[in-house]
Amino acid sequence: MRNPRLVERRATPRRYLMCPPAHFKVTYSINPWMDPTKPVDVPLAVAQWEDLQGRYRGLGHTVEVLDPRPGLPDMVFAANGATVVNGRVLGARFAHREREPEAAAHLEWFRSHGYADVHEPVHVNEGEGDFAVTASYVLAGRGFRASPLSHGEAQECFGRPVIGLDLVDPRFYHLDTALAVLDDATDEVMYYPAAFSPGSRAVLRRMFPDALIASEADAVAFGLNAVSDGRNVLLPQGAVGLFGVLRERGFVPVGMDLGELLKGGGSVKCCTLELRA
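Read on for a plain summary of the structure. (Residues numbered from 1 in each chain as written. Predicted model: local features only at pLDDT ≥ 70, side-chain atom pairs only at ≥ 80, totals over all residues. Heavy atoms only, no water.)

**Examining the nonpolar core**
Counting 34 residues, the largest nonpolar core has M190, F196 and L246 as its most contacted members. Those elements that provide at least two residues to this core are β8 (162-166), β9 (179-183), β10 (188-191), β13 (232-236) and α6 (240-248). For this core, the element with the highest residue contribution is β9, accounting for four residues. Setting aside residues no more than four positions away along its own chain, F196 makes contact with L165, D166, L167, V168, L175, A178, L179, Y191, R201 and L204. Counting residues in each nonpolar core, the second largest holds 23 residues, with L52, Y56, L234 and V268 among its members. (Core = buried A, V, L, I, M, F, W, Y, C linked by side-chain atoms within 4.5 Å. Buried < 20%, exposed > 50% of the residue type's maximum accessible area, 1.4 Å probe, protein only. Helix = DSSP H or I, 4+ residues; strand = E, 2+ residues; numbered from the N terminus. Contact = heavy atoms within 4.5 Å.)

Structure (structure tokens):
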């Protein structure tokens, strides 16, 4: 077993899809982080989002933009709209009616941008909220949003083994709040064990014995809602306990302030859908 602390980290160029938070607000609650009584500063949310977009571009990545639509305040969380592997698109089907129209908006974007292999799902899945892609697998969360039946759909769509993982803590309602892929070329991840059922923890230990284990403090700071290009790891600046251990493994942590968007229960990864060619 190789030592992850001795690996030379190399960034690879990525393409991301993001949606500006022009209409972002919290008027309903569909996860434990959303409180409609707390006001949202939209100009600040836009500035924080633009900082994230600019950071990606500064690192050499390409950012495509999905136009926001009035009445869909959560469209900023673009990761939930689809999953893309080898240019094949599996669309989303949202669990809550408030977000249902987002699915069609994403499908329209993909079809109008030359994606020929686009699948509209039958079963509930919320894109990369609950699907995490590594070199070998698609990790699939279930328990709060995605239907277990969506896992078979994803396996048929992508032709990769789909590994189901049960989420048991409502604070971590999507897989991307409890687990992050650090290096998708080598199946390296970080995660918070207590977010998962005992059986799923055992599966994660077996599959990823060298995984970086996050503390509860870093998990509730949304530190696992992170995006990595194989070297640079963009994550919420409040997840202070992860910065040192990421550096020890050769990664470059990049702290981001998305405090306004956290009011909607999302951070770096929620805002970022990867367009895997």
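**Regarding the sheet that holds strand β3 (residues 82-85)**
One open sheet holds the three strands; their spatial order is β3-β4-β5, and the pairing between them is mixed. The open sheet has two edge strands with one neighbour each: β3 and β5 (118-119). Taken together, the four bridges between β3 and strand β4 (residues 88-91) define a ladder with antiparallel strand orientation. Considered in β4, the bridge of V85 is made with R88. Against the sheet, helix α3 (residues 149-158) contacts β3, β4 and β5, and its axis sits at roughly 165° relative to β4. (Pairing = 2+ DSSP bridges. Axes fitted to C-alpha atoms, helices over the stretch in contact; angles between N-to-C directions.)

**With respect to the packing of aromatic side chains**
Inspection of every chain in the model, using the stated rule, returns eight aromatic pairs. Both rings, one in W109 and one in Y115, keep their centres 6.2 Å apart while their planes meet at 40°; by these two values the pair is tilted. No difference in accessibility class separates W109 from Y115, as the two residues are buried. Three or more aromatic residues joined by ring pairs form one cluster here, namely W109, F110 and Y115. (Phe/Tyr/Trp six-rings, centres within 6.5 Å; stacked < 30°, edge-to-face > 60°.)

**Structural notes on empty space enclosed by the protein**
Applying the stated rule across the entire model yields two cavities of 30 Å³ or more. Taken as a whole, the largest cavity spans an internal volume of roughly 250 Å³. V181, A226, K269, E274 and R276 are the residues nearest the centre of the largest cavity, which is lined by 21 residues in total. For the lining of the largest cavity, the secondary structure elements donating two or more residues are β6 (131-133), β9 and β12 (227-228). Of all the elements, β9 adds the most residues to the lining of the largest cavity, at five residues. For the lining of the largest cavity, the per-class residue count stands at ten nonpolar, two polar and nine charged. Reported here for the second largest cavity is a volume of approximately 60 Å³. As for the second largest cavity, its lining consists of 14 residues, of which N31, F77, R99, Y173 and G264 are closest to the centre. Each residue belonging to the lining of the second largest cavity can be placed in one class, and the counts come to five nonpolar, six polar and three charged. (1 Å grid on protein atoms, 1.4 Å probe; cavity = no way out; pocket = protein on both sides within 12 Å on 5 of 7 lines; lining within 4 Å. Points joined across faces, edges and corners; volume = space filled by probe spheres on them. Nonpolar A, V, L, I, M, F, W, Y, C, P; charged D, E, K, R; others polar.)

**Comments concerning the side chain of N31**
Tracing the chain through its elements places N31 in the loop between β1 (15-18) and α1 (42-58). In this structure the side chain of N31 is engaged in a polar contact, spanning 3.2 Å, whose partner is the backbone oxygen of G264. In contact with N31, other than residues within four places in its own chain, are R145, Y173, G264 and G265. (Polar contact = N/O pair within 3.5 Å; in protein donor to acceptor, adjacent residues only side chain to side chain.)

**Some details on the state of the cysteines**
The tally for this structure, following the rule as stated, stands at zero disulfides. Between C19, a cysteine without a disulfide, and C271, which holds the nearest cysteine sulfur, the sulfur-to-sulfur distance is 9.4 Å. Judged by relative accessible area, C271 falls into the buried class, the value being 0%. (Disulfide = S-S within 2.5 Å.)

**Digging into α6**
Burial in α6 covers these residues: L242, F243 and L246. The arc enclosing the buried residues of α6, seen along the axis, measures out at 110°, which places them on a common side. Across from the buried face of α6, at angles greater than 90 degrees, the exposed residues are V240 and E248. In this structure, the buried residues of α6 make contact with β9, β10, β11 (212-213), α5 (216-220), β13 and β14 (252-256). Downstream of α6 by a residue or two, G250 has a phi angle that is positive, lying close to 90°. (Arc of directions from axis to C-beta.)

By themselves, these figures tell us nothing about what the structure is for.
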